[in-house]
Structures are given as C-alpha cells and as structure tokens.
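Listed below are the residues making up each chain.
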Amino acid sequence: MKKNIFYLILLLFFTFIFTVFYKGLDKPNFYTPKEVNNKNFEEFTSFELFSNKQFDSQDIIENNKFTLVNIWSSWCVPCRQEHSVLMNLSKKTDLNIVGLNYKDKKNNAIKFLKELGNPFSKILIDPDGIISISLGAYGVPETFLLNNKSKIIKKYIGPLTENNISEIIKIIK
Amino acid sequence: MIRLIKFISLILFLILSLQKLSNANNNSLSVDKISKNLRCLICQGQSVYDSQSDFAISMKILIDNKIKEGKSEKQIYDYLKNQYGEWIVYDPEFNKKNLILWAFPLILFIFGGLLIYRKVFIN
Amino acid sequence: MISSHIGYYSLILGFVISVSLLFYSIFCLKKKNQNINQNIFSLLFMQFFTVVISFISLVYSFVISDFSNATVYNNSHSTKPIFYKITGTWGNHEGSLLLWLLVLTLFILLFIIFSKKQPTKYRILSIFFQQIIILGFFLFLLLTSNPFNFLFPIPNEGLGLNPILQDPALAIHPPILYLGYVGSSIIFSASLASLVQNNVNREWAQHIKKWILAAWFFLTIGILLGSIWAYYELGWGGFWFWDPVENVSLMPWLCLTALLHTTLVLEKRNLLKSWTLILSISTFTFSMIGTFLVRSGILNSVHTFANDPERGIFILLFLFSLIILSIILFFIYDSKENDSQKNFFLISKETSVLINNWFMIYFLSVVLIGTTYPIFLEVIANEKISIGPPFFNKLLIPFLAPFLIFMAVGPELNWIKNNFKKIEYSRIVLFFIFLYISFYIINKTSSEILFTSILGGASLYLLFTTTYEFLKKKQNIRQTISHFGFGLFILSILFNSLFSKEFSANMKIGEELIFEKEKIKFLKVTTFDEQNFKSVVANFKITDEKKNIVSLYPEIRIYNQPNILTSEADIISTIFFDKFITINLLKGDETFNVRYQIKPFMIWIWLSVCLISYGGLLSLFKRN
C-alpha cells in the first residue's frame, strides 16, 4: 500500500512539472520591463541642443499641464518613421513635446530635424545615454506622457503608432 | 550519538559557510564586477560586461558615475532593480518567492544525508 | 534537388524499419530462441544505413548549396568556405536532429555487436526500448523538423551561417558531445531491459560499465570542447557562464558520474540495484529534458537552437511518455530482491560511494533548480527573475572542499569494512599543512581568505593523496588519474579566478598604456578581405617588466551574409598563463575599446579535464 501511494505521488509530481512546462511554452522568453505606470519621472539636468543652455527637466514639466518626452536619435531607423507621427501630433494639439536626443552627434541631429521637421518645443541631449537609463528606458525610441506633477501617465516602448496618438489625444483632453 | 552530532555539525558548518560567503563583500567595488552581475536588456543572453550594445555601454558609464558618487554595490543594484525589475540582476534575492529556489537543494542535501545515515547506522 | 529526395525517402524507409523492429523484437521475445535472430541484426544495420544515407544527402545538399532545400537556404551561403558548408550541416536544429538519429541508431547496432555474452532476452528488450526512442525521433523529424523541406521558387542565395559558428570547433564539439549525450540512451534502454528481465547483478554491471564509461568519456570531452570554444570565440575570457545550454549538458554528466560510481558497488558487492537503475534512467531523462529546454524556446540563452513552441510540445510529450513508461515499469518489475536490507559500515568503500552520490545529486539539484526555476516562477507567479553565476557559486563552492576530501579518502578504504588504526592523525596534520600552504599563496589577494584557503588546501590534499597512491601503485591507477585530474581542475580554477587580471580602455592607434607593470602599445591596424568577410586586424605589442615582448593580433570581422560583426580574440598560451586580448569598434572615431586579460593556469584547466577523461578511457580498455 505504501508503495502504491509513493508511485501515485511520483506520477502526480511529474504531471505537475509537465503542466508547468507546457504553460511555460506560451510565455515569451524575451524580457520587457513591466510598464510601471504612475511612477514618478526622474528629474534630470541637461543642455539644449541648439542653444547649449542648461535646463532642468522639472522646470519644463511643471509649467505644462502635460508633457510628452520622446527619446530619439538620428541614427535610429524606427525614429524616422515615428517622426511624421510626432509632427502630426504637434500640429493637431498644443501638447508640449520635449525631445531627448540619445547618443547622437549635434550635426546629425540638426540635419535630421531640418529634413523631417521639428515637433519639439525643446530638445535636451543625452550624449552618454545615462539620462535615458535613469528614466528606465533601454532603447530608442521610447516615449513618456507626463502630467505636471512628473507622474508617468503612459510609457511607450518602440515607435509611436496612430493608435498611441489617439490615446494620447484622448488623455490630454 | 556522537556520530549523529558529528554529522549534524558537518551540515551546520556547510550552511554557515554559505551564509558567510553570501554576506561577505569583496572590498573592491568596480564597474567590471557590477556589470558582470547585470543582464543586458538588448542582448538578453549576455551580461552588461560582455555586451557591446548601446544600452550596455551607457549602463557601464552610469555605474561608474554611481560608484564615484559613493554609492554602495547594494544601492546600485537596488536602484537598477527599481528601474528595470529583478530580472536585470543575475543574483536572485533571498525572499519569500525565491524560498524554494534556495531551500530545495539544501533540503535535498539534508534528506540525502538522512538516507545515508539510515543505511549506515540503523540496524 | 535529387539529394533532398534521396535523403527524405531514406528517412521514411528508416522510419518504416524502426516500426517493424519495434514489433519484430516483441515477436522474437516470445519465441524460445537461444540466439538472436540474424534478421534483427540485418534490420538494425539497415536502419542505421538509411540514416547514414539521409545524413550524407543533407551534407551533399549543403556542399552544392542547393537552396531548394529549406534547411540549406536558412543556414548556408554560397560564399561560405567548404569546411563550414560541411560542418554547418549539424549547426542547425534539423541537421543536429539527424545527428541525434545517427548516434541513436549507431549505438543500438554497436550494442548488439558487443553484448554477445549477455542473455538474449535482455538484448532483445534493449532493442525494443531503444526503438521506442528512435521511433520518437523519427516522428519528431518527419512531423516537425524535416531537414528536406522544399522551397519554391528556388532562392538564389541562402541566409548564411552565424559567424560565431564558423569555427573549426563546430566540426568536433557537437558530434563528440552527442556521442556522450545521445549515447546515454543505450544505458537507458539497457537498464529498462535489465529491470524487466530482473538481471541487475554483477555480470550486468560489468557489461553496462563499458557503455557508461564510453558515454561518460565522450560527454566529458564534448563539454570540454564547448568550454574551450566559448573561451576563445566569445571573447570574454570566461569558459563557463552557467548558461542554460551549458547547464543542460552538465546535468547528464553529473548523473552519469554518479552512476559510474554506483556501478562499481553493484559490480563488486551486488548492492544498490534499484538506485543504479534509477540513475541510469535519470541520465537519459536529463538529456531529454535538456533537449526540451534548448529547442523549445522556453529559455533565453545565447546558444539556443530553434524557438518553436510546436516542437517544444512534441519533445515535452515524448519526454513525459518516457518518464511515465519508466515509472510504470519500475512499479511492476522492481522486485523486493533489489531492496537490500544489508547495511553499510561507516568506514567502507561502499559508504564513500554513497557519499559521492550524495554530493553529486546535490550538485545536480542546484544546476537543475537554477536552470528551471525561472520557468516555474513565471508560470505560477508571473514574475521574471534571473539566475546566474552568483547563485551557482554560492551553493556549489562551499560543498567542494568536503567533496574533495572525501575523494581523497574514499578510494583508499576497503570494501565492506575498513579497520582504521593510527592513519587518522597523519592525515589531519597533512591537511593542515596544505591549508597553510594554500593560505600563504592566497593571502596576497584580497578575497575570502578562509574559504578559498580551505578549498585550496582540500585540492592540494587530494592532489597529494592521489600522487602518493599513483607512485605506490597500490590502487586502481585509472581511478587515481581521474581523481588527480579533478583535484588539479579545482585548484586551477581557484587560482585562475583569484589571480586573473583584466584591463579595459579605449585606445587610439599609436597609444600606449601601462597596466600591472606591463606596457601595452597599440601599433597599427590592417584590413584585408577574406572569402566571406572583411578583416580588421590590430597589432598590439605587450612588454613586460623583464623586457619580454609579445605581439598580439586581435581581429574584428565584418561578415557579408548575415551582416554581423564579430570580435576575434588573440590568445597566447603558456604553461603559466594566457594573455588574452580583444578589440571592439566604437561608434565614430578611430578609437577602439581594448580588453586585455592575464589569465593564469588556463592550460591546466583544460589539461586536468583531459586527465579526468583519460582515466575513464583507460578503464574502458582495461581487460577484465
């Protein structure tokens, strides 16, 4: 009798393992950091692309009801596609769009904006990429929608789509 | 009886040594040491130390800055875990959800020891 | 085109033969024949032959760059050198599975040839169980991973082989690893057969030991080759990363080593029968678990193959069928006889084998839980964590020191019972002498002095004991060589990790930096074109304090198809240390990121593993 119970437990144990592995197959094995909404946007100081003046992110955010911070680079291919979407957004609304230029050369960034337009009210630079890391970003492009208290309302990883834009427009109304 | 005591003390020694090893910090705090313990978010099979992706390069500069600011190793790991989740550090924590992870091999070891004890000492 | 057809139909034929073998073996079992039917032997040979034909057809398709074959298209390119066209055949999921089948069918054929002294029914049953495995793999190949799928219209060019795989090691690492990894299948089948036939005894132990040794030898060398390849190719200077794919090859190895020791007890004393069977079955089970983990895409790793959940489901089902089958057979056939009520004496060789198994299973459980826990956590709690070197080091290293000491003491004990006299005291003194020597050496570094000294002391103790035994020629020399090798292995790793030095900086051409009393000068850069990549070679001159000059040439390769950049290290190996250098391109300027490492005792790490396996090889060829 003891032997039977032991084997039964053994079978149940392996069935459990089987089920876990089976379910595990559906999970993506690539990790994306969880979208932590309602976290606070970390303050940073940087230089403006054109004027070279130093700005504090807090000042910019506090003075606007909503701010959209877009991390971009001239060498990033999806950023080119996203740029027209941003241009539309800047024309349709009066949302304060701030650019964070990631690991880029000033000349290339300026050329990019000349070619595709400038939707940004201000562009701060992140030459080493460490400001982006302190914000919790890890790639380009990434976009944050903030309120005036620096709370992150929405975070978008990857280029912005039309759907994202509609969502943003709804929120800022 | 004496044998049992010797046996248990062997096991206790091993467990205590584990504690010592995990608590002790190496004196040198270096970017290399910390980045070897972090996973790269872009090339997810590599550590930040090994990876040459933009993220990894920026990360190394960030760690360097934090060390210069005087932050301890634990503070740096906590900061990064807060930003990116526990996944980013290769060293799993000692908390409730990782309990089975740490305990399973040790419990198995003690169980094996008991089996041997039975085989050898009990007639 | 034709070769793909030949390959495919050959596989179908092989599949048909394997099905018939499955039924025919049952049929032969029922007959009262004394000798194995000649037909079975012919069928086994034909089965193997069809797989060989299939394999050669695939190789041929690669060589002629036949892009109508989907596998060739996905993994090859016409500008690839011929050597990599051939070896690239098994550098992908489908081709490597064909290699699996090749080894599976080869081993059962060899088994029948070399097991003539064993009882007939046992041999036939072994065929039956092996055929279940072979059938499973035929189905897996034909249903989900066909190497002979057609593409139409025929592409002009293939997608190319990952440059990291374009290395001579690709020619030897997978085949040798598979001989061990897949070869453990025969141990599985033979053990199930032995269980059913109830002939788990001394004679069987003597016979199965040869197969265990063979699989173990190839698995050890296979893992070694993988480590060496990772060391020089991946440019990081490390040789073991506790990466899931590496762990997956280590688990069967730990199980197989434990099994090897248990078989000794079975052979000499006819004890530990059930446990031997359990270990035999577990070894191949771990091989299958490993196959599942790396081919289903469930884990994230630098070197996983296919990422196809459908394939994952098949392997999972197959794996669990094998486990359920084994459990059921055990339930039915494990006789009370196998449970020995005999006790072991504390100081005896049997007990030291038990202690060996105790530690081995512990090590195995650490590797297992460390590799699979993230899956459980994700499914159950929907959280992702990472488990890497710190976890494994913390749980494994403390247990190594006692393990080494047991390894030094165990082989000297007698079977059944050892009457110990005054040997004790000299041993303890000896251990403390080594502890002190170790402490003295390690004191120069700043690490955990207590721990590493104990570990160093224990390895030195083992080294001393085994050398002493070797010289006195009292014990089993083969075993002494392997144990000596293991002591050397741990000691080399210890000193390597303590005394390695690394340097990382961005340098321009012409720059010279100083590191640890050495001058590192970046002389120049030359570029030239190879068959399928452009090469950028840097010239470095390292001058040490004794004015010895060493030149190193790290390289960056820019491949055309696929368009990937790789960094090739240049390594100079001497008996005492390796000098290891890599360069990486930085965005923009003429600056390169240079990583230079001095790694002591690397050669000893490789040599010690060779020693470990050499002992096993000698045992394999020992005349009974």
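Here the structure is a predicted model, which is why all the values come from computation and not from measurement.

A.B. asks: Just checking my understanding: could you explain the interface of chain A and chain C for this structure?
C.D. replies: The accessible area lost on association of the parts is a frequent measure of interface size. Facing the 23 residues of chain A at the interface are 30 residues of chain C. Surface buried jointly by chain A and chain C totals about 2,500 Å² across both partners, of which 75% is contributed by carbon and sulfur atoms. Counting the surface chain A buries against chain C, the share from its top three residues, F21, L25 and N29 of chain A, is 30%. The interface formed by chain A and chain C holds 2 residue pairs in polar contact (both at pLDDT 80 or more) in total. Broken down by class, the residue content of the side of chain A that touches chain C amounts to 15 nonpolar, 3 polar and 5 charged.

A.B. asks: Is there a simple way to think about the confidence of the model for chain C in this case?
C.D. replies: It should be kept in mind that the predicted coordinates are not to be read in detail where pLDDT is low. Residues and elements named next belong to chain C. Looking at chain C, pLDDT values average 88 and 94% of them are 70 or higher. By mean pLDDT, the top-scoring element of chain C is helix α8 (residues 184–197) (95), and the lowest-scoring one is helix α15 (residues 423–442) (73). Interface scoring of the predicted complex returns ipTM 0.86; its pTM is 0.90.

A.B. asks: Would you explain the sheet that holds strand β5 (residues 122–126) of chain A in this entry?
C.D. replies: Sheets are built from strands paired through backbone hydrogen bonds, the pairs being either parallel or antiparallel. Residues and elements named next belong to chain A. Strand order across the open sheet formed by 5 strands is β5-β4-β3-β6-β7, with mixed pairing between neighbours. The open sheet is flanked by β5 and β7 (152–157), the only strands paired with a single partner. Direction aside, neighbouring strands of the sheet carry axes that sit 20° apart on average. Pairing between strand β3 (residues 66–72) and strand β6 (residues 142–147): 6 bridges, direction antiparallel. Its bridge partner being in β6, V69 is matched across the sheet by F144. In the packing of helix α6 (residues 162–172) onto the sheet, the strands contacted are β3, β6 and β7, and the crossing angle to β7 comes to about 170°.

A.B. asks: What exactly am I supposed to notice about the packing of aromatic side chains here?
C.D. replies: Geometrically, a pair of aromatic rings is defined through the distance of the ring centres and the angle of the planes. Under the counting rule described, the total for this entry stands at 68 aromatic pairs over all chains. Put simply, the rings of F109 of chain B together with W358, F359, Y362, F363, F399, F403, F406, F486 and F489 of chain C pair up and form one aromatic cluster. The residue whose ring lies beneath R595 of chain C is Y49 of chain B, and the NZ or CZ to ring-centre distance is 4.1 Å.

A.B. asks: I tried to follow the interface of chain C and chain B on my own but got confused; where do I start?
C.D. replies: Counting from both sides, the interface comprises 48 residues of chain C and, opposite them, 50 residues of chain B. Summing both sides of the interface, chain C and chain B together bury roughly 4,600 Å²; the carbon and sulfur share of this comes to 65%. At the junction of chain C and chain B, the tally comes to 3 salt bridges. K36 of chain B is the salt-bridge partner of E502 of chain C, the closest N and O atoms lying 3.1 Å from each other.

A.B. asks: Would you mind showing me how to read the state of the cysteines here?
C.D. replies: Formally, a disulfide is one covalent bond, and it connects the sulfur atom of one cysteine to the sulfur atom of another. If you walk through the whole model with that rule in mind, you get 1 disulfide over all chains. Each sulfur of the disulfide joining C76 of chain A and C79 of chain A lies 2.2 Å from the other. Looking along the S-S bond of the C76 of chain A-C79 of chain A disulfide, the torsion reads about 90°, which is the right-handed sense. Taking the relative accessible area as the measure of exposure, C79 of chain A reaches 2% and is therefore buried. The cysteine C40 of chain B is free of any disulfide, with C43 of chain B supplying the nearest cysteine sulfur at 4.4 Å.

Each value, and the rule that gives it
Residues numbered from 1 in each chain as written. Chains lettered and ligands numbered in written order. Predicted model: local features only at pLDDT ≥ 70, side-chain atom pairs only at ≥ 80, totals over all residues. Heavy atoms only, no water. Contact = heavy atoms within 4.5 Å. Buried area = accessible area lost by both parts, 1.4 Å probe. Polar contact = N/O pair within 3.5 Å; in protein donor to acceptor, adjacent residues only side chain to side chain. Nonpolar A, V, L, I, M, F, W, Y, C, P; charged D, E, K, R; others polar. pLDDT = per-residue confidence, 0-100. Helix = DSSP H or I, 4+ residues; strand = E, 2+ residues; numbered from the N terminus. Pairing = 2+ DSSP bridges. Axes fitted to C-alpha atoms, helices over the stretch in contact; angles between N-to-C directions. Phe/Tyr/Trp six-rings, centres within 6.5 Å; stacked < 30°, edge-to-face > 60°. Lys NZ or Arg CZ within 6 Å of the ring centre and 35° of its normal. Salt bridge = Lys/Arg side-chain N within 4 Å of Asp/Glu carboxyl O. Disulfide = S-S within 2.5 Å. Buried < 20%, exposed > 50% of the residue type's maximum accessible area, 1.4 Å probe, protein only.

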